[in-house]
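Observations on chain architecture
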Amino acid sequence: MTLIYCIEDDESIRELVVYALENNGFKAVGLENGKNLFNLPNPDLIILDIMLPGDDGYTILQNLRSNFKTSDIPVIMLTAKTSEFDKVKALDMGADDYVEKPFGIMELISRVKAVLRRSHKNKPDTKLTFKEISIDYEKRLVKVNGKEVNLTHKEFELLYYLMRNQEIVLSRDKIMNQVWGFDFEGETRTIDVHIGTLRLKLGDAGKYIQTVRNVGYKLGG
């Protein structure tokens, strides 16, 4: 049975989410903070509130993504913050989706099912290479000419998606949907920014990430 953790300090919201998840066939566990999270069995998905006592949701998300054993667990952020900056920050740190408070419980369940479908569908090829670039998905390791390159979570996912689709032109909308997890309203410029930093970090190998005018990008050359 699919196991989902709901980390939410508001007891009424936490109990409502757990109840709804269990009514929809999931096994759900409510946690009021992330204090003991890493001592528990890995779940299939985490619903994570941003505003928590102690370590906030951003800190917990960062810890999840930096730990090899938990880096691939899908995370949906619950947030009362509605600014574009807060949404982009959560997504860039590795969140798979976000839901704004107050939210409809059926919308949340729908988002949960969508994220789980994507995570099951996109089981990774363990190792990929393109010319002098190599990537090991399980170890979260990227090398250029044998030298390790330090990437953020989203830069890693972006490069991995490009390497899975070598020589294929990928639109910005498709990249946004696949790497950031859904259609983030309005702003595809975040992709351009990440492409720019990724090229810089790859050094001379960054030239293989090619801009396709008015469409998007491809890994080729």
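This write-up is about the structure you can find in this document. (Residues numbered from 1 in each chain as written. Predicted model: local features only at pLDDT ≥ 70, side-chain atom pairs only at ≥ 80, totals over all residues. Heavy atoms only, no water.)

A word on the sheet that holds strand S9 (residues 147-149)
On the basis of which strands lie adjacent, the open sheet formed by 4 strands has the order S6-S7-S8-S9 and antiparallel pairing. Two strands in the sheet have a free side with no partner beyond their single neighbour: strand S6 (127-130) and S9. Shown here is a sheet whose adjacent strand axes are inclined to one another by a mean of 25°, direction ignored. Pairing analysis gives 4 bridges linking S6 to strand S7 (residues 133-136), with the strands arranged antiparallel. (Pairing = 2+ DSSP bridges. Helix = DSSP H or I, 4+ residues; strand = E, 2+ residues; numbered from the N terminus. Axes fitted to C-alpha atoms, helices over the stretch in contact; angles between N-to-C directions.)

Looking at the packing of aromatic side chains
Using the criterion set out here, one finds 3 aromatic pairs in the structure. Both rings, one in Phe130 and one in Tyr208, keep their centres 5.5 Å apart while their planes meet at 80°; by these two values the pair is edge-to-face. Within this pair, whereas Phe130 is found in strand S6, its partner Tyr208 is found in the loop between helix H7 (189-202) and strand S11 (209-212), the two being separated by 78 residues in sequence. With a relative accessible area of 7%, Phe130 lands in the buried category. Ring geometry for Tyr137 against Phe156: centres 5.7 Å apart, planes inclined by 55°, an arrangement best described as tilted. Within this pair, whereas Tyr137 is found in the loop between S7 and strand S8 (141-144), its partner Phe156 is found in helix H5 (residues 153-164), the two being separated by 19 residues in sequence. Assessed through its relative accessible area of 9%, Tyr137 is described here as buried. Overall, Phe156 belongs to the buried group, its relative accessible area being 4%. Three or more aromatic residues link up through ring pairs in this structure, and these residues are Tyr137, Phe156 and Tyr160. For Lys89, the ring lying beneath its charged end belongs to Tyr58, and the centroid distance is 4.1 Å. If you follow Lys131 out to its NZ or CZ, it ends over the ring of Phe130, 5.7 Å from the centre. (Phe/Tyr/Trp six-rings, centres within 6.5 Å; stacked < 30°, edge-to-face > 60°. Buried < 20%, exposed > 50% of the residue type's maximum accessible area, 1.4 Å probe, protein only. Lys NZ or Arg CZ within 6 Å of the ring centre and 35° of its normal.)

From the geometry alone we can't say anything about function, so treat these as descriptive.
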